[in-house]
Amino acid sequence: IGGADFGDFDVDPRSDCTGQFHGTPVSSIAAGDGGGITGAAPDASIVHVKVQSSANCGSAGLDGDIVGAMDWVVANSQALGIDVMSMSLGSGQLFGGSCDSFDRSSAAIADAAVDAGIVVLAASGNSGSKSSMSWPACLSSVVSVGSVYDSNIGSQFFGVCRDFSTTSDQVTCYSNSAGFLDLLAPSEGATAAQAGGGQVQFGGTSSATPFAAGVIALLVDADPTLTPAELVDIARSNGVLVTDPANGVTTPRVDVVESLLAILT
């Protein structure tokens, strides 16, 4: 229903290069509704804010463009009715605690987003760290999201680590974690929309984040009067507690049914 392009600075933020294929599957996991894809919140509307250039497909986005995109979302939140900001991206640098002082501008904008009624979520990252997370997930006003398996999909190798066996609600070995991780959500093996058409199997904390964002969108729809803090508290307090054996950290995995029941009953 709207958007902006901070990657190519053209009039259409919807173009997604096939070498990156990130924005399209992420959008479909959050709110897909067609072509065999059903997202977590299929009736939600999408505002695309692009931060990676199609001309330099697969290259890293610029931190300044990401901050500018966050600021644009806040500035246009009332006009477009934006309730949730979902960011499946992160820096290579990891932080073992709040990183508000690392980038005060993004911290201030994340604070402003929450003040504007927006729940801000970001991927914890895929480096396999069990004591730190990437920016912007480490910002104190951002809901950090890690990933779990939804079912047994066999042994999985990710480059940074291997899970020799898998089962539902098992934290993926690559999912960055720390004591301040906020939520977990399913990731690996998600059937998502592919840039250029068709479907693709998608994973990583980039997959878990839009799933959690879609769940938050459903909670907003159930009760639009809830504040971001209340929405996150409902998702956390009604989630399934999952412990990562790699560090002993216990984090709630989103449970949409229990969270909605907490609002509607």
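As a starting point, this report considers the structure included with it. (Residues numbered from 1 in each chain as written. Predicted model: local features only at pLDDT ≥ 70, side-chain atom pairs only at ≥ 80, totals over all residues. Heavy atoms only, no water.)

Re the overall build of the protein
Logical step 1: Scanning the protein from terminus to terminus reveals six helices and 16 strands.
Logical step 2: Its C-alpha atoms put the protein at 45 × 45 × 40 Å along the principal axes.
Logical step 3: Expressed as a percentage of the 265 residues in the protein, the buried residues total 49%.
Logical step 4: Pairs at least 24 residues apart make up 67% of the contacts formed inside the protein by residues separated by at least 6 positions.
Logical step 5: When the accessible surface of the protein is split by element, carbon and sulfur atoms take 51% of a total near 11,500 Å².
Logical step 6: Separation between the mean location of the 7 positive side-chain charges and that of the 27 negative ones in the protein comes to 8 Å. (Helix = DSSP H or I, 4+ residues; strand = E, 2+ residues; numbered from the N terminus. Buried < 20%, exposed > 50% of the residue type's maximum accessible area, 1.4 Å probe, protein only. Contact = heavy atoms within 4.5 Å. Areas by Shrake-Rupley, 256 points an atom, 1.4 Å probe, with all protein chains shown as cover. Lys, Arg positive; Asp, Glu negative; His and termini not counted. Charge placed at Lys NZ, Arg CZ, Asp CG, Glu CD.)

Quick word on the environment of threonine 251
Logical step 1: Turning to its location among the elements, threonine 251 is positioned in strand β16 (residues 249-253).
Logical step 2: Note: C-alpha distance between threonine 251 and leucine 183 (68 residues apart in sequence) is 6.0 Å.

A look at the packing of aromatic side chains
Logical step 1: One pass over the structure, following the stated rule, counts three aromatic pairs.
Logical step 2: Ring geometry for phenylalanine 6 versus phenylalanine 9: centroids 6.3 Å apart, planes at 65°, classification edge-to-face.
Logical step 3: What makes phenylalanine 9 exposed here is its relative accessible area of 60%.
Logical step 4: When the ring of phenylalanine 158 is compared with that of tyrosine 174, the centres are 4.7 Å apart and the planes differ by 75°; the resulting orientation is edge-to-face. (Phe/Tyr/Trp six-rings, centres within 6.5 Å; stacked < 30°, edge-to-face > 60°.)

Quick notes on the layout of surface pockets
The gaps left among the atoms become clear once a water-sized probe is rolled over them.
Logical step 1: The space that makes up the second largest pocket amounts to roughly 280 Å³.
Logical step 2: Lining the second largest pocket are 17 residues, with Pro186, Gly189, Ala190, Thr191 and Phe211 sitting closest to its centre.
Logical step 3: Looking at the lining of the second largest pocket, the elements that each hand over two or more residues are α1 (23-31), β3 (37-38), β13 (190-193) and α4 (205-222).
Logical step 4: In the lining of the second largest pocket, the residues fall into seven nonpolar, eight polar and two charged. (1 Å grid on protein atoms, 1.4 Å probe; cavity = no way out; pocket = protein on both sides within 12 Å on 5 of 7 lines; lining within 4 Å. Points joined across faces, edges and corners; volume = space filled by probe spheres on them. Nonpolar A, V, L, I, M, F, W, Y, C, P; charged D, E, K, R; others polar.)

Brief notes about the side chain of threonine 205
Logical step 1: For threonine 205, the position within the fold is in helix α4.
Logical step 2: Here the side chain of threonine 205 touches glycine 125 through a polar contact of 3.3 Å, landing on its backbone nitrogen.
Logical step 3: Dropping the residues within four chain positions of it, threonine 205 is found in contact with Ala123, Ser124, Gly125, Asn126, Val145, Gly146, Ser147, Tyr174 and Ser175. (Polar contact = N/O pair within 3.5 Å; in protein donor to acceptor, adjacent residues only side chain to side chain.)

Observations concerning the state of the cysteines
Logical step 1: On inspection of all chains with the given rule, the structure shows two disulfides.
Logical step 2: Here cysteine 99 pairs with cysteine 138 through a disulfide, and the sulfurs are 2.0 Å apart. Disulfide cysteine 99-cysteine 138: torsion about the S-S bond near 90°, hence right-handed. Of the two residues, cysteine 99 is situated in the loop between β6 (94-95) and α3 (104-115) and cysteine 138 in the loop between β8 (133-134) and β9 (143-148); the sequence distance between them amounts to 39 residues.
Logical step 3: A relative accessible area of 1% means that cysteine 99 is categorised as buried.
Logical step 4: Across the disulfide, cysteine 161 is cross-linked to cysteine 173 (sulfur-sulfur distance 2.0 Å). Because the sign of the S-S torsion sets the handedness, a value of about 80° for the bond joining cysteine 161 and cysteine 173 places this disulfide among the right-handed ones. With cysteine 161 in the loop between β10 (156-157) and β11 (162-163) and cysteine 173 in the loop between β11 and β12 (183-186), the pair connects residues that are 12 residues apart, well separated along the chain.
Logical step 5: Note on cysteine 173: relative accessible area 14%, which makes it buried. (Disulfide = S-S within 2.5 Å.)

Let's talk about the pattern of salt bridges
Logical step 1: Applying the stated criterion across every chain yields a total of four salt bridges.
Logical step 2: Ionic pairing is found between aspartate 12 and arginine 14, a salt bridge with its closest N-O pair at 3.0 Å.
Logical step 3: For arginine 253, the salt bridge is made with aspartate 169, and the minimal N-O distance between the two is 2.7 Å. Of this pair, arginine 253 sits in strand β16 while aspartate 169 is found in the loop between β11 and β12, placing the two residues 84 residues apart along the sequence.
Logical step 4: Given a relative accessible area of 17%, arginine 253 falls into the buried group.
Logical step 5: Taking relative accessible area as the criterion, aspartate 169 reaches 25% and is therefore assigned partly exposed. (Salt bridge = Lys/Arg side-chain N within 4 Å of Asp/Glu carboxyl O.)

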